[in-house]
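Remarks on the overall topology
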Amino acid sequence: MSMDKKEYYIRMHSNLQYVKKNNCNGDYLCPICLNEYSEQDVKNVLTEEDVPQKSLGGNRIALTCRKCNSRCGSDIDIHLLNAITTREHRLFLPCSERKIRIEKDGQLLNANLQIDEDRTIKLLVDTKRNKPDTWIDFHNNILLPNEVVNVEDVPLKRNERRISAALLKNAYLLLFAKTGYTFLLDKYYDSLRKQILEPDVFHVPDRLWTMQNIPIPDGIYLTQDNRYRGFFVIYTLRLKLLYRVCVLIPTPNVPYLMAVKELEKIDSKSQVKVLRLPDLDYFNNMASIETLNQWCYGWSLKF
Ligand SMILES: [Zn+2]
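Residues numbered from 1 in each chain as written. Predicted model: local features only at pLDDT ≥ 70, side-chain atom pairs only at ≥ 80, totals over all residues. Heavy atoms only, no water.

1. Side note on the packing of aromatic side chains
Under the criterion given, the structure shown has nine aromatic pairs. Judged by centre distance (6.2 Å) and plane angle (75°), the rings of Tyr28 and Tyr181 are edge-to-face. Within this pair, whereas Tyr28 is found in strand 1 (residues 28-29), its partner Tyr181 is found in the loop between helix 4 (160-179) and helix 5 (190-197), the two being separated by 153 residues in sequence. Classification of Tyr28 by relative accessible area gives buried; the value is 0%. Taken together, the aromatic side chains of Phe183, Tyr188, Tyr189, Phe231, Tyr256 and Trp295 make up a single cluster linked through ring pairs. Note that Arg98 overlies the ring of Phe92, its terminal NZ or CZ placed 4.5 Å from the centroid. (Phe/Tyr/Trp six-rings, centres within 6.5 Å; stacked < 30°, edge-to-face > 60°. Helix = DSSP H or I, 4+ residues; strand = E, 2+ residues; numbered from the N terminus. Buried < 20%, exposed > 50% of the residue type's maximum accessible area, 1.4 Å probe, protein only. Lys NZ or Arg CZ within 6 Å of the ring centre and 35° of its normal.)

2. A closer look at the domain arrangement of the chain
Along its sequence, the chain is carved into domain 1 (5-83 + 158-297) and domain 2 (93-153). Between domain 1 and domain 2, the C-alpha centre-to-centre distance is 43 Å. (Domains from an automatic or database assignment.)

3. Topic: the environment of Leu174
Note on placement: Leu174 falls in helix 4. Taking the C-alpha atoms as reference points, Leu174 and Val233, 59 residues apart in sequence, are found 7.4 Å from one another. Residues contacting Leu174, with those up to four places away along its chain left out, are Val51, Ile61, Ile220, Val233 and Tyr235. (Contact = heavy atoms within 4.5 Å.)

Quick look at the structure:
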């Protein structure tokens, strides 16, 4: 699905005029790095961002700067894709193919493992990924008929913190696409933005997300418990199978650590009350913007 960049830009620009707080001069701020951009950057510098990433079934819903877009792609998105790919490899799903390695008698053979629709497994030797001698040797001398061999997947790079950062980025951009800069320009979210750009550094706790038993449809929900008052952003990742993700983006009065502690206590037996974020115009309707801000800020922590 493609988007009208210009139209999107104008909507967000106008939203920014409503909520401008922190002396920003730009006409548009990249939601991830908050660098300032203007209308002439729409064509080349601001890029359409797929949320979640395209390989996991996302749609283009935000404009981010080219730098953030490519940095997130190579630093965090790939780790999320690799984690899911690795999981699906273990399931030996029909109609799939992947790179594997076979080691025997001190020799290493690179091959592809192909699983057909009827779950027949085929081993295809990729001549480009092997020296000719090796695969001829495997064919003639090493792999004998009915031989049992150990097959090992070529490991895909995946790092827990980077996976978390990717899950968080998706939720943050989904929320941004719905509510614009309305409250997300709050300094409180700087650490969340930094976490996306510097996934290896500890800015916010890892586990602002869960994948357990999510009984409600994708969307943005307001949590009804002040100990973790915020937004449940629920979305689906699609590779061969579907994976539902729920990320908590707390409101600025809730310390991140406290939100995570409370989130950890929720299990399948917990009664969690949520309310779907009302479908209002949070970009240009002052009353809606104020209602949302009131919900975010108009309360205090009681212990
Ligand atoms: Zn950026």
